[in-house]
Amino acid sequence: MSDRIALVPGSFDPITLGHEDIVRRALALADRVIVAVGHSAQSQKQGMFTVDERVALIREVFADEPRVEAAAFQGLLVDFARSRGAGLVVKGLRTVGDFEYEMQMALMNRRLLPELDTVFLAPDPAHAFVSATLIRQIATLGGDVAPFVSPAVLARIHAKLGGARSPGVWT
Ligand code: PNS
């Protein structure tokens, strides 16, 4: 039987402890997990990390886990899922706001590719309020984000900020 492959898609700018928890739990649902960093060539939104940097950070964070792979994708998630033979999308749900957004995407993805299922996992309550957007904002404004990201990610945030913070740039 072939490997059951799950995708954990997102922007991951940067990957947080909340994301890490979801990826590790997804390993219980599949043989292999692909952390899929979605990006759009048309997107004007400047992130904190480039897509290549996000992928590299995810690889570093999961260096201990051979069943986790990181990859960037462009275009539709369903096309990426088809190209990688993935049958499952796994996402974390923190808030009602997440639910509305994620359910809409899950239903549309189901319409586009019926054999691709989406499952939602409840977050670790310790990370239920953590988002990459808040991490970027707090770090940019000089706050401590050490409790919310892996040491490797923290080091890259500090290197990126380089002591000179630019409020608003990465929000
Ligand atoms: O960090 P996010 O906002 O949860 O990431 C969203 C992402 C990249 C997973 C989502 O926007 C996505 O799947 N984009 C790919 C384009 C696509 O398939 N759009 C139609 C979805 S119904």
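Residues numbered from 1 in each chain as written. Predicted model: local features only at pLDDT ≥ 70, side-chain atom pairs only at ≥ 80, totals over all residues. Heavy atoms only, no water.

Student: When you look at the site of the ligand in this model, what are you seeing that I'm missing?
Tutor: Taken together, 14 residues are adjacent to the ligand, and S11, G75, L76, L77 and K91 come closest. Y101 is positioned with one of its side-chain polar atoms (N or O) 3.4 Å from an oxygen atom of the ligand. For the ligand, whose unbound accessible area comes to 550 Å², protein coverage reaches 71%. Residue assignment for the shell around the ligand shows that the elements contributing at least two residues are β1 (5-10) and α4 (96-112). Of all the elements, α4 adds the most residues to the shell around the ligand, at five residues. (Near = heavy atom within 4 Å. Polar contact = N/O pair within 3.5 Å; in protein donor to acceptor, adjacent residues only side chain to side chain. Areas by Shrake-Rupley, 256 points an atom, 1.4 Å probe, with all protein chains shown as cover. Helix = DSSP H or I, 4+ residues; strand = E, 2+ residues; numbered from the N terminus.)

Student: How should I be thinking about the packing of aromatic side chains in this particular structure?
Tutor: Following the criterion strictly, the structure yields two aromatic pairs and no others. When the centroid spacing of 5.2 Å and the interplanar angle of 20° are considered together, the rings of F73 and F80 count as stacked. Neither F73 nor F80 differs from the other in exposure class; each is buried. Seen from their ring centres, F129 and F148 are 6.1 Å apart, and the 85° between their planes marks the pair as edge-to-face. Of this pair, F129 sits in the loop between β5 (117-121) and α5 (132-140) while F148 sits in the loop between α5 and α6 (151-161), and the two are 19 residues apart along the sequence. (Phe/Tyr/Trp six-rings, centres within 6.5 Å; stacked < 30°, edge-to-face > 60°. Buried < 20%, exposed > 50% of the residue type's maximum accessible area, 1.4 Å probe, protein only.)

Student: How should the pairing of β5 be read in this particular structure?
Tutor: Note on strand geometry: in a regular strand, side chains alternate between the two faces of the sheet. As paired strands, strand β4 (residues 88-92) and β5 are joined by five bridges and run parallel to one another. By the bridge assignment for β5, V89 is matched with T118. The parallel pair β4 and β5, bridged by α4, forms a crossover whose chirality is right-handed. (Pairing = 2+ DSSP bridges. Right-handed = clockwise from strand over helix to strand, strands pointing away.)

Student: How do you make sense of the sheet that holds strand β3 (residues 68-74) when you look at a structure like this?
Tutor: Neighbouring strands of a sheet are bound in pairs by backbone hydrogen bonds; such pairs are parallel or else antiparallel. The five strands lie next to each other as β3-β2-β1-β4-β5, forming an open sheet whose pairing is parallel. Looking at strand neighbours, the two that pair on one side only are β3 and β5, the edges of this open sheet. Strand-to-strand, the axes of this sheet are offset by a mean angle of 30°, without reference to chain direction. Relative to β5, α4 is tilted by about 165°, and along the sheet it contacts β4 and β5. (Axes fitted to C-alpha atoms, helices over the stretch in contact; angles between N-to-C directions. Contact = heavy atoms within 4.5 Å.)

Student: Which parts of the structure should I look at to understand the side chain of H127?
Tutor: Here H127 lies in the loop between β5 and α5. If we ignore the near neighbours within four places in the chain, the residues touching H127 are L17 and G18.

Student: Teacher, can you tell me more about the pattern of salt bridges here?
Tutor: Any two side chains of opposite charge can pair, on the condition that their charged atoms come close. Considering all chains together, one arrives at twelve salt bridges under this definition. Across the pair D13 and R54 runs a salt bridge whose closest N-O atoms are separated by 3.5 Å. Note that D13 is positioned in the loop between β1 and α1 (17-26) and R54 in helix α2 (residues 51-61), a separation of 41 residues in sequence. Residue classification places D13 among the buried residues on the basis of a relative accessible area of 4%. The partner of E65 in a salt bridge is R67, and the shortest N-O contact between them spans 4.0 Å. E65 gets classed as buried once you look at its relative accessible area, which sits at 17%. By sharing partners, the salt bridges in this structure join D3, R32, E69 and R84 into a single network. (Salt bridge = Lys/Arg side-chain N within 4 Å of Asp/Glu carboxyl O.)

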